[in-house]
Each structure stands twice: as structure tokens, then as C-alpha cells.
Amino acid sequence: MIAYVVAFLCVAGLAIGQLLFKLSSTALTSSGTFFSLKSATPLIAAMFLYGITSIAWIWVLQRAELGRIYPMMALAFVFVPLGSHFIFGERFQPQYFIGLGLIVIGIIITARA
């Protein structure tokens, strides 16, 4: 059970990393350089987070079957758009959220298989 919790945290970490990459790219557009504090900070934070989650994912794979745990990675397709909506104000059509719902249903089905 703890492996599933850590796997969930890995997915959340990867989603946060994607949002940090977006923050960095937005700052890069305004500053024009990776060496500005505004663009480098979220970039380095995202890379650090990816490194930590990769190590944690290896720990998860030692304790769970890949075929059973990997479908949880699809939660990133839910977390990232939701984060981009709330943080960056991105808008989606209603059918997009229907698709996200189908992803969640698919994750539930595969997790219980």
C-alpha cells in the first residue's frame, strides 16, 4: 500500500515539475536568458524534483509490479491541466474534462484488475 502512496507522490511531483517548466519558459520569454533568476529558479527546481521523483519511482518499482503501478502515471494527464487552469488561467472545452474523467475511470479499472 505504501508503494501506491509513494507512486501517487511521484506523479504529483512530476506534474508540479511540468508546471515549473512552464513557469520557467514563461520567464524565459520575458527575460530572454536561462541565466536570469526568474527563469533559472523554476527550471532548477523542476529538474531537482524530477531527479527526486525518479529515485522514488525506482523504490516503488522494487515493491510493486510495473503493470499494476504504471497506470497511475496517467494521473499526470489530470493534474497538469488542472494545475495549468488554476495557475496559468488556461481554459479547456467541456469535452476535455470528459476526457479527463475517462482517464480517471481507466486508472480505477486498471488498478483494480
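Residues numbered from 1 in each chain as written. Predicted model: local features only at pLDDT ≥ 70, side-chain atom pairs only at ≥ 80, totals over all residues. Heavy atoms only, no water.

> Please clarify how the packing of aromatic side chains should be interpreted in this entry.
In this structure the tally under the stated criterion is five aromatic pairs. Consider the rings of F92 and Y96, whose centres lie 4.4 Å apart with planes at 15°: the pair is stacked. By relative accessible area, F92 is classed as partly exposed at 25%. For the ring pair F92 and F97, a centre distance of 5.9 Å and an interplane angle of 90° mean the geometry is edge-to-face. Note on F97: relative accessible area 35%, which makes it partly exposed. Three or more aromatic residues joined by ring pairs make a cluster, and in this case those are F92, Y96 and F97. (Phe/Tyr/Trp six-rings, centres within 6.5 Å; stacked < 30°, edge-to-face > 60°. Buried < 20%, exposed > 50% of the residue type's maximum accessible area, 1.4 Å probe, protein only.)

> How do you make sense of helix α4 (residues 76-88) when you look at a structure like this?
Its 13 residues give α4 an end-to-end C-alpha distance of 17 Å, which sits within 8% of 18 Å, the value for a rise of 1.5 Å per residue. Those residues of α4 that sit buried are V78, P81, G83 and S84. Contacts from the buried residues of α4 go to α1 (2-31) and α5 (94-112). The positive-phi residue at the C-terminal boundary of α4 is G89, with phi of around 70°. (Helix = DSSP H or I, 4+ residues; strand = E, 2+ residues; numbered from the N terminus. Expected span 1.5 Å × (residues − 1). Contact = heavy atoms within 4.5 Å.)

> What's the story with the environment of L75 in this structure? I'm lost.
Along the chain, the position of L75 falls in the loop between α3 (66-69) and α4. The exposure class of L75 is buried, given its relative accessible area of 12%. Along the sequence, L75 and A3 sit 72 residues apart, while their C-alpha atoms lie 16 Å from each other. Residue contacts for L75: discarding those within four places in its chain leaves F8, V11 and I107.

> What should I look at first to understand a nonpolar patch on the surface in this one?
On the surface, L82, F86, I87, Y96 and F97 cluster together to form a nonpolar patch covering roughly 500 Å² of accessible area. Secondary structure elements with two or more residues in the nonpolar patch: α4 and α5. With three residues, α4 is the single largest residue contributor to the nonpolar patch. The residue I87 is located in helix α4 in this model. Its relative accessible area of 53% is what places I87 among the exposed residues. (Patch = residues over 30% accessible without salt bridge, like charges linked within 9 Å, V, L, I, M, F, W, Y side chains within 5 Å. Areas by Shrake-Rupley, 256 points an atom, 1.4 Å probe, with all protein chains shown as cover. Salt bridge = Lys/Arg side-chain N within 4 Å of Asp/Glu carboxyl O.)

> I'm lost on the side chain of S36 in this one. Help?
Of note, S36 is situated in the loop between α1 and α2 (37-63). Here the side chain of S36 touches S31 through a polar contact of 3.2 Å, side chain to side chain. (Polar contact = N/O pair within 3.5 Å; in protein donor to acceptor, adjacent residues only side chain to side chain.)

> Please clarify how the side chain of S24 should be interpreted in this entry.
For S24, the position within the fold is in helix α1. A polar side-chain atom of S24 sits 2.7 Å from the main-chain carbonyl oxygen of S39. Leave out the neighbours within four places in its chain, and S24 touches S39, P42 and L43.

That is the geometry; function is a separate question.
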